[in-house]
Amino acid sequence: MFRKGLRIVMAAVAVAPLLTGAAWAAGGQMTIIVNDPANPYWLTEGNIAKATAEKLGYTATVSAHKGDTNTESNLIDTAITNKSVAIILDPANADGSVGAVKKAVAAGIPVVLVNAEINQEGLAKAQLVSNNAQGAALGAQQWVESVGDKGKYAELLGAPSDNNAATRSNGYETVLTQYPDLQKVAKEVANWDRTQGHDKMQSMLQANPDIIGVISGNDEMALGAIAALKEAGKLAKIKVGGFDGSPDAVAAIKAGELQYTVLQPVATFSAEAVKQADNVIKTGSTGAKSEKQLFDCILITKDNVDKYTAPFVLSQ
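None of the values given here were measured: they were computed from a predicted structure.

Before going further, it helps to spend a moment on the overall build of the protein. Helices and strands together make up the secondary structure of the protein, namely ten helices and 14 strands. Per-residue burial over the protein gives 48% buried out of 316 residues. Long-range pairs, those at least 24 residues apart, make up 74% of the contacts in the protein with a sequence separation of at least 6. A total accessible area of about 14300 Å² is found for the protein, and carbon and sulfur atoms account for 53% of it. If you average the places of the 28 positive and of the 32 negative side-chain charges in the protein, the two averages end up 8 Å apart.

Take a look at the structure:
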């Protein structure tokens, strides 16, 4: 009886690694939720995350909340219903997305956040974001070099619900206030959107026709501003700086229309987010030293723009 029991136990031990390996190989579904793939930044985020998940043996779906927390909550519900093994989420709102993350965690699904943070630690397994303060300082310093240290300027800000908007704006402010002859005479929220950037630029230009430059929280708003300045015949006199490192921004730098952009390494941290989710599934840990992880940004100007080899990738 003892020997029979021992054989059963030993057989179970022998089979366990095989079963575990099979489960790992099977992968399961990984749900990826981005903001809005109409923006090339978020399109790349979803594409890279999906490709990385599939390479690791998972099935992957990409959906978008477009900044709406109700849509985000519904997408989390779908992920739970579909028994997702992990969720990669670009949160819609620093405060408003906390509930959605809690819901996933309560269902036993690990969540890894990318690009934007939530205002609560200890829920997500990891929060991987660009070093926005470092990137903003890079951008503002280049903006002064491109535009000059005297005159009036305007600023386009991203969505207030996204902590990145304030971080970048504060980073710009820290640098630009060191130049007493620079005067910010206008600022408008354009919600990361090209059309809104265009329209807000038009209104700011009408009220302040003598500005010398525009500093923007992202490339889409900057490109909208450039379109408005072209229409007004002012682009030669008013210089624009961006942030993201999008393909269209790179093209605008090559065309001499945009002074610079600050590359966010979204291609890098989107892949890393999936790898860390994979680690959590297999080992219970991301393998990273901390929940919040910052990835440094890189300045792109006419001097190094030819090293841009793929969307949001600059070869070193």
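Looking now at the sheet that holds strand E5 (residues 126-130). Taken together, the six strands give an open sheet; going across it, the order is E2-E1-E3-E4-E5-E11, and neighbouring strands pair in parallel fashion. This sheet does not close on itself; its edge strands, each paired only once, are strand E2 (59-64) and strand E11 (292-295). When the angles between neighbouring strand axes are averaged without regard to direction, this sheet yields 15 degrees. Judged from the three bridges that link them, strand E3 (residues 86-89) and strand E4 (residues 111-114) form a sheet pairing that is parallel. When the sheet's bridge partners are listed, Ile-87 is paired in E4 with Val-111. Contacting strand E1 (29-34), E3, E4, E5 and E11, helix H10 (residues 266-283) runs over the sheet at an angle of about 170 degrees to E5.

With that settled, consider the confidence of the model for the protein. When pLDDT is averaged along the protein, the result is 92; 92% of the residues meet or exceed 70. With pLDDT under 50 throughout, residues 1-26 is counted as low confidence; its partners more than four residues away or in other chains account for three contacts.

Looking at the element boundaries, Glu-291 is found in the loop between H10 and E11. Buried and unpaired, Glu-291 has no salt bridge, with Lys-292 as the nearest side chain of opposite charge at 6.6 Å. For Glu-291, the side chain forms a polar contact with the main-chain nitrogen of Gly-122, separated by 2.8 Å. Contact partners of Glu-291, with chain neighbours within four places excluded, come to Gln-120, Glu-121, Gly-122, Leu-123, Ala-124, Lys-125, Ala-126 and Gln-127.

Right, let's get into the sheet that holds strand E8 (residues 213-216). Pairing in this open sheet of four strands is parallel, and the strands run E7-E6-E8-E9 from one edge to the other. Looking at the sheet topology across the chains shown, the edges are occupied by strand E7 (182-189) and strand E9 (239-241). Taking the axes of each pair of neighbouring strands and ignoring which way they run, one obtains an average angle of 20 degrees across the sheet. Where strand E6 (residues 151-157) and E8 come together, four bridges link them in parallel fashion. Bridge assignment links Tyr-153 to a residue of E8, and that residue is Gly-213.

Between its first and last C-alpha, helix H3 (residues 69-81) extends 18 Å over 13 residues, near the 18 Å set by a 1.5 Å rise per residue. Buried residues of H3: Glu-72, Leu-75, Ile-76 and Ala-79, and no others. For H3, the angular spread of buried residues about the axis comes to 105 degrees, placing them on one side. Exposed and facing more than 90 degrees away from the buried side of H3 are Asn-70 and Thr-81. Buried residues belonging to H3 abut E1, E2, E3 and helix H4 (98-106). For H3, the side-chain oxygen to backbone nitrogen distance between the N-cap and Asn-70 is 3.2 Å, and the N-cap itself is Asp-68.

Looking now at the pairing of E3. The side-chain alternation of E3 yields two buried faces, one formed by Ala-86 and Ile-88 and the other by Ile-87 and Leu-89. Pairing of E1 with E3, which is carried by four bridges, proceeds in the parallel orientation. Pairing of Ile-33 across the sheet is with Leu-89, part of E3. Handedness of the E3-H4-E4 crossover: right-handed.

Attention now moves to the packing of helix H2 (residues 40-55) against H10. At a minimum axis distance of 8 Å, the contact between H2 and H10 shows a crossing angle of 40 degrees. With respect to the hand of their crossing, H2 and H10 are arranged in right-handed fashion. The segment H2 lies against H10, with Tyr-41, Thr-44, Glu-45, Ile-48, Ala-49, Thr-52 and Ala-53 engaging Val-266, Ala-267, Phe-269, Ser-270, Ala-271, Val-274 and Lys-275.

A few words now on the environment of Arg-194. Within the secondary structure layout, Arg-194 lies in helix H7 (residues 194-207). Apart from the residues lying within four places of it in its own chain, the contact partners of Arg-194 are Glu-220, Met-221, Leu-223, Gly-224 and Asp-248. Looking at Arg-194, its side chain comes within polar contact range of the side chain of Asp-248, at 2.8 Å.

What counts as what
Note that residues are indexed from 1 along each chain, following the sequence as it is written. Given that this is a predicted model, residues contribute local features only at a pLDDT of at least 70 and side-chain atom pairs are listed and counted only at 80 or more, while totals for whole chains, interfaces and linings are drawn from all residues. By convention in this description, side-chain values take in all heavy atoms of the structure and omit both hydrogens and water. Strands are runs of DSSP state E lasting at least 2 residues, helices are runs of H or I lasting at least 4, and numbering of each runs from the N terminus. Buried, partly exposed and exposed residues are distinguished by accessible area as a fraction of the type maximum, computed with a 1.4 Å probe on protein chains only: under 20%, between the cut-offs, and over 50%, respectively. Note on contacts: a residue pair qualifies if any of its non-hydrogen atoms lie within 4.5 Å across the two residues. Using the Shrake-Rupley algorithm and a 1.4 Å probe, accessible areas are obtained, with residue cover drawn only from the displayed protein chains. Two residue types count as positive, namely Lys and Arg, and two as negative, namely Asp and Glu; His and chain ends fall outside the count. Where a charge lies is defined by one atom per residue type: Lys uses NZ, Arg uses CZ, Asp uses CG and Glu uses CD. Only when DSSP finds a minimum of two bridges between them are two strands counted as paired. Here, axes are lines fitted to C-alpha atoms. For helices the fit covers the stretch in contact, and angles between N-to-C directions go from 0 to 180 degrees. You can read pLDDT as the predictor saying how much it trusts each residue, on a scale of 0 to 100. Whenever Lys or Arg places a side-chain nitrogen within 4 Å of a carboxyl oxygen from Asp or Glu, that contact is recorded as a salt bridge. Contacts described as polar in this section are N or O atom pairs within 3.5 Å, which, within protein, must combine one atom able to donate a hydrogen with one able to accept it, while residues neighboring in sequence count only if both atoms come from side chains. Helix span, as expected, comes to 1.5 Å for every residue beyond the first. This arc is taken over the directions from the axis of the helix to the C-beta atoms. Handedness of a crossover is defined as follows: orient the strands so they point away from the viewer, and if the path from the first strand over the helix to the second runs clockwise, the crossover is right-handed. Whether a crossing is left-handed or right-handed is set by the direction in which the near helix is turned from the far one by less than a right angle, anticlockwise for left-handed and clockwise for right-handed.

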